[in-house]
Amino acid sequence: MKDNLDNNVNNKENINKILIIDDDVDVMDILSVMLKKYNCDVYTFTEPVSAIEELKSNKYDILILNFLMSPVNGDRIVELVREFDKEIYIILMSTHNDLAPSIELMQKLDIQAYFEKSPRFDELIMLVQGGIKYKQQLNKIKDMGLQLDKYLFDFAKILLNTISAKDHYTEEHSERVSKISVLFAKYLNLDEKDIEALKVSSFFHDIGKIGIPDNILLKEEPLTVSEYDTIKLHPIIGANIFSSTDVFKHIAPIILAHHERVDGTGYPSGLKGNEIPYLARILNICDSFDAIVSKRPYKEKMSLEYGIEQLKLGINKQFDGELINKFIKFIKENRKKIEDIVE
Ligand SMILES: [Fe+2]
Ligand SMILES: [Fe+2]
């Protein structure tokens, strides 16, 4: 990570403007010193009202702010900022996961990343780096105009790569899920528009993991309840990233709903049955199937038959029963192609 970050040093053309709002001056001092080393101009505010005025008058790339502050909490500040700036990359911090903002709030306020304060500020630096890449690519795309779809896809790929740099599984898994989804969508005779939407959404379904701290994302021991709650933010963060671009706005609801279950026990919204977008129900099946049959650090590769049996257990609980029956038929009829993908 440090090498990547150091590449930015001394590249004065690409100075990143970061504004931090926190009532803890010590935290801001440490962050300022750390971030300045990475080609960032850092401006700190303890007082939210003047910070908002500053954000109105000058363009910033990233806003880092504390969730619990007085007299105005971080969520209210973000609400006010979003009224005039939809593009600024927002990282919300809190002192403890128990005090983390709710899923609904993250979604409503279009927050891209969350950081639980700890002495390990290098994790926050990683989140800032993700934000910098996001802004750089967004700016490039804006300048280009033509070939917008292709460049947006590339930009999102770069974001995905920043996750892959720390979590290789996500990259390979995303590619496989995208390939399986496209094949299944064609099998279902979906139109070109839906096939394309499924291809993009399945490739980037876990992109929201960019906003999950490493100590949780890469933890090998079982997660605590609050850590799992943080992981559960990834569909919202991913949807927020995609909803900020006009061209890929339609992808956001699919990414948002990829962990919903037809019995209503999924997340983030607990949607039931047909309330879950059709393409998200397809993505959920392909995502789960790949997770079951592919090799993971803690388990061996499993047979397609085993995958099918496991999917059957989730009929009308996690999965749409009608779609699962079609998916099982599809797997049986395309065994060779699927085996090549999950190999
Ligand atoms: Fe996911
Ligand atoms: Fe996944």
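In this report, the structure presented in the accompanying data block is examined. Because the structure is a prediction, the values reported are computed rather than measured.

### Looking at the sheet that holds strand S4 (residues 89-94)
Alright, step 1. Read from one edge to the other, the open sheet built from five strands follows the order S2-S1-S3-S4-S5, with strand pairing classed as parallel. The two strands at the open ends of the sheet, each matched to only one other strand, are strand S2 (40-45) and strand S5 (113-116). Each strand axis lies, on average, 20 degrees off the axis of its neighbour in the sheet, ignoring direction.
Alright, step 2. Note that S4 and S5 share four bridges and pair parallel. Bridging across to S5, Met 93 finds its partner in Phe 115.

### Some points on the coordination of the iron ion (ligand 1)
Alright, step 1. In this structure, Asp 206 (OD), His 234 (NE2), His 258 (NE2) and His 259 (NE2) serve as the protein donors to the iron ion (ligand 1), at separations of 2.0 to 2.3 Å.
Alright, step 2. Coordination geometry of the iron ion (ligand 1): the four donor atoms subtend angles of 85 to 178 degrees at the metal centre, consistent with an arrangement described as irregular.
Alright, step 3. In this structure, the iron ion (ligand 1) lies 4.1 Å away from the iron ion (ligand 2), the two metals sharing Asp 206 as a donor. Separated by 24 residues along the polypeptide, His 234 in helix H12 (residues 234-243) and His 258 in the loop between helix H13 (252-256) and helix H14 (278-293) bring together distant segments of the chain.
Alright, step 4. Relative accessible area serves as the criterion here: at 3%, His 234 is assigned to the buried category.
Alright, step 5. The class of His 258 is buried, set by a relative accessible area of 0%.

### Structural notes on the coordination of the iron ion (ligand 2)
Alright, step 1. On the protein side, the iron ion (ligand 2) has His 173 (NE2), His 205 (NE2), Asp 206 (OD) and Asp 287 (OD) as donor atoms, found 2.3 to 2.6 Å from it.
Alright, step 2. Classification of the site at the iron ion (ligand 2) rests on its four donor atoms, whose angles at the metal span 72 to 169 degrees, yielding the label irregular.
Alright, step 3. The sequence motif formed by the donor residues of the iron ion (ligand 2) is H-x31-H-D-x80-D.

### Here's the deal with the environment of Val 182
Alright, step 1. Position of Val 182 among the secondary structure elements: in helix H8 (residues 168-187).
Alright, step 2. C-alpha of Val 182 to C-alpha of Cys 286: the two residues are 104 residues apart in sequence and 9.7 Å apart in space.
Alright, step 3. What Val 182 contacts, discounting residues up to four positions off in sequence, is Ile 195 and Lys 199.

### Structural notes on helix H15 (residues 304-313)
Alright, step 1. Within H15, burial applies to Leu 304, Gly 307, Ile 308 and Leu 311. Viewed along the axis of H15, the buried residues span an arc of 100 degrees, placing them on a single side of the element.
Alright, step 2. Summarising the contacts, the buried residues of H15 are in contact with H14, helix H16 (321-333) and helix H17 (335-342).

### So, the packing of H14 against H16
Alright, step 1. At a closest axis distance of 11 Å, the pairing of H14 and H16 adopts a crossing angle of 50 degrees. Comparing the axis directions of H14 and H16 gives the class oblique. Pair H14 / H16 crosses with right-handed handedness. Here Tyr 278, Arg 281, Ile 282, Ile 285, Cys 286 and Phe 289 of H14 come into contact with H16, specifically with Leu 323, Ile 324, Phe 327 and Ile 331.
Alright, step 2. Looking at the contact of H14 with H16, its residues break down into nine nonpolar, no polar and one charged.

What counts and what doesn't
- Counting starts from 1 at the beginning of each chain's written sequence and moves along it residue by residue.
- Ligands are numbered from 1 and chains lettered from A, in the order in which they are written.
- Note on the predicted model: pLDDT of at least 70 is required for a residue's local features to be given, and 80 or more for side-chain atom pairs to be given and counted; whole-chain, interface and lining totals, by contrast, use all residues.
- Only heavy atoms go into the side-chain values, all of them from the structure, while hydrogens and water stay out.
- Here, any two strands with at least 2 DSSP bridges between them count as paired.
- A helix here means a DSSP run of H or I that spans at least four residues, while a strand means a run of E at least two residues long, and both kinds are numbered starting from the N terminus.
- To obtain each axis, a line is fitted to C-alpha atoms, and for helices this fit is confined to the stretch in contact; angles are then taken between N-to-C directions over 0 to 180 degrees.
- We call an atom a donor if it is N, O or S and sits within 2.8 Å of the metal, or 3.2 Å for Na, K and Ca. Water is not counted, so some sites may look partial.
- A four-donor site is classed as tetrahedral when every donor-metal-donor angle falls between 85 and 135 degrees; four donors are called square planar, and six octahedral, when trans pairs exceed 155 degrees and all remaining angles lie between 65 and 115, with any other arrangement labelled irregular.
- When a residue's accessible area, from a 1.4 Å probe over protein chains only, is under 20% of the maximum for its type it is buried; when over 50% it is exposed; and in between it is partly exposed.
- Contacts are residue-level and defined by heavy atoms, with any inter-residue pair within 4.5 Å sufficient.
- To obtain the arc, one takes the directions from the helix axis to the C-beta atoms.
- In these notes the angle categories are as follows: under 35 degrees is roughly parallel, over 145 is roughly antiparallel, 65 to 115 is roughly perpendicular, and the rest is oblique.
- Helix crossings are classified by the rotation of the near helix relative to the far one: an anticlockwise turn of less than a right angle makes the crossing left-handed, while a clockwise turn makes it right-handed.
- Charged means Asp, Glu, Lys or Arg here, nonpolar means Ala, Val, Leu, Ile, Met, Phe, Trp, Tyr, Cys or Pro, and polar covers whatever is left, Gly included.

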